[in-house]
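A look at the structure
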Amino acid sequence: MTPPTEPAEQPGPAPLRFGYGTNGLADLRLDDALALLADLGYDGVGLTLDHMHLDPLAPDLAARTRQVGRRLAALGLEVTVETGARYVLDPRRKHGPSLLDPDPADRSRRADLLIRAVRVAADLGAHAVHCFSGTLPFGTDEETAWPRLAEALTPVLEAATAVDIPLAVEPEPGHLLATLADFHHLRHALGDPTHLGLTLDIGHCQCLEPLPPADCVRAAAPWLRHVQIEDMRRGHHEHLPFGDGEIDFSAVLSALAATGYDALTVVELPRHSHAGPHYAETSLPFLRAVAGPHSSTPTSGQVPSTQPSAFRRPHSALRPRNSRTF
């Protein structure tokens, strides 16, 4: 595989702007979730299109999108559109159908959802549209799956290019495209299109990348279009509240700011909706304190430790116990 090309110059430090993912606020109405995040001081939101939050398959999507856009503008929230809803296309198959399904009609359904997401993103003025490959179907080998993925993404990239919205593919543990190396494999297979970018999940870097998360940020910088952030432990794909894992967030956020990344960094706690408002309230002060002068709204005072003893949540009995792909 051809090694990635490094840019000649790195941009200067940029203020980091933080958002929270609506997939971690699934028990709230979308309007209530947006009002909560604005009230807490977030800069934006990672909006997962789902049956409870701007359903992409319900009638009058364009009109409903305009209404959400007006609400975002009134609240001063930026937005990235995410497409990780578990059952929005199929009530029986989590994240199904995918871009890798053997049935071309099923692959087209997923591509159509992503094209709808691109249109929503354009109407909202979003930073990017997030997506992922899906898991390798039973009986399908990788030699078949990679060309299938590239073919399925082609019309989505065409739609993204037409409206000048980056398509940010996320390496997801357990999926065909699971690592930064896999992203570059896809990028080269597609001919390195301008509007193909990367969603970097910081926890996923800790989970399975060979480089530490801060080094992953630096390596990913030329293609970085969206960032998700949470704590995690090595070898366990379990999204954790800040302080409950092993990540050195001071190093990560310093690296992110140094790259000149200027889109949203979105808290990703999809299995914590049972206490979503609590985690939304506690996550932002942590991130701003760790980011310090790199934050768009710096928090004064001592930077909290990121060791498991710090920011320990009072709801520990309610945390998910199993390592599962969300």
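By convention here, each chain's residues receive numbers from 1 onward along its written sequence. With pLDDT at 70 or above as the cut-off, local features in this predicted model cover only qualifying residues; side-chain atom pairs require 80 or more to be listed or tallied, and sums for whole chains, interfaces and linings still use all residues. Heavy atoms from the whole structure form the basis of all side-chain values; hydrogens and water molecules are not counted.

**Brief notes about the pairing of strand β6 (residues 196–201)**
Inclusion rule: Partly exposed describes any residue whose relative accessible area lies between the buried limit of under 20% and the exposed limit of over 50%, with all areas from a 1.4 Å probe on protein chains only and scaled to the type maximum. Working definition: helices are DSSP H or I runs of at least four residues, strands are E runs of at least two. Numbering for both runs from the N terminus. Whether two strands pair comes down to DSSP finding at least two bridges between them. With strands facing away from the observer, any crossover in which the path from the first strand over the helix to the second runs clockwise is taken as right-handed.
With 6 of its 6 residues buried, β6 lies for the most part within the structure. Across the two faces of β6 the burial is the same, with Leu196, Leu198 and Leu200 and Gly197, Thr199 and Asp201 all buried. One ladder, built from 3 bridges, connects strand β5 (residues 167–169) with β6; its direction is parallel. The residue bridging valine 169 from the neighbouring strand is leucine 198, located in β6. A crossover links β5 with its parallel partner β6, the connecting element being helix α5 (residues 180–189), and its sense is right-handed.

**A word on the packing of helix α7 (residues 213–220) against helix α8 (residues 249–258)**
Note the cut-off: What counts as an axis is a line fitted to C-alpha atoms, over the stretch in contact for a helix, and the angles between N-to-C directions run from 0 to 180 degrees. Angle categories are assigned with fixed cut-offs, so that under 35 degrees is roughly parallel, over 145 is roughly antiparallel, 65 to 115 is roughly perpendicular, and the rest are oblique. Helix crossings get a hand from a simple test, with the near helix turned counterclockwise from the far one by less than a right angle marking a left-handed crossing and a clockwise turn marking a right-handed one. Working rule for contacts: check all heavy atoms of both residues, and any pair within 4.5 Å makes them a contact. In the scheme used here, Gly and all other residues not listed as nonpolar or charged are polar, with Ala, Val, Leu, Ile, Met, Phe, Trp, Tyr, Cys and Pro taken as nonpolar and Asp, Glu, Lys and Arg as charged.
Taken N-terminus to C-terminus, the directions of α7 and α8 make an angle of 15 degrees; their axes are 8 Å apart at the nearest point. When the axis of α7 is compared with that of α8, the two are roughly parallel. Relative to α8, the crossing made by α7 is right-handed. Each of Pro213, Ala214, Val217 and Arg218 in α7 lies in contact with α8, whose residues at this interface are Ala251, Val252, Ala255 and Leu256. A class-by-class count of the residues in the contact of α7 with α8 yields 7 nonpolar, no polar and 1 charged.

**A look at the side chain of threonine 199**
Basically, it comes down to this: The term polar contact refers here to a pair of N or O atoms within 3.5 Å; inside protein, the definition further demands a hydrogen-donor-capable atom paired with an acceptor-capable atom, and it admits residues adjacent in sequence only when both atoms are side-chain atoms.
Secondary-structure assignment places threonine 199 in strand β6. We classify threonine 199 as buried; its relative accessible area is 0%. A distance of 3.0 Å separates the side chain of threonine 199 from the backbone oxygen of alanine 168, its partner in a polar contact. Non-local contacts of threonine 199, meaning those with residues more than four positions away in its chain, are made with His130, Ala168, Val169, Glu170, Pro171, His226 and Gln228.

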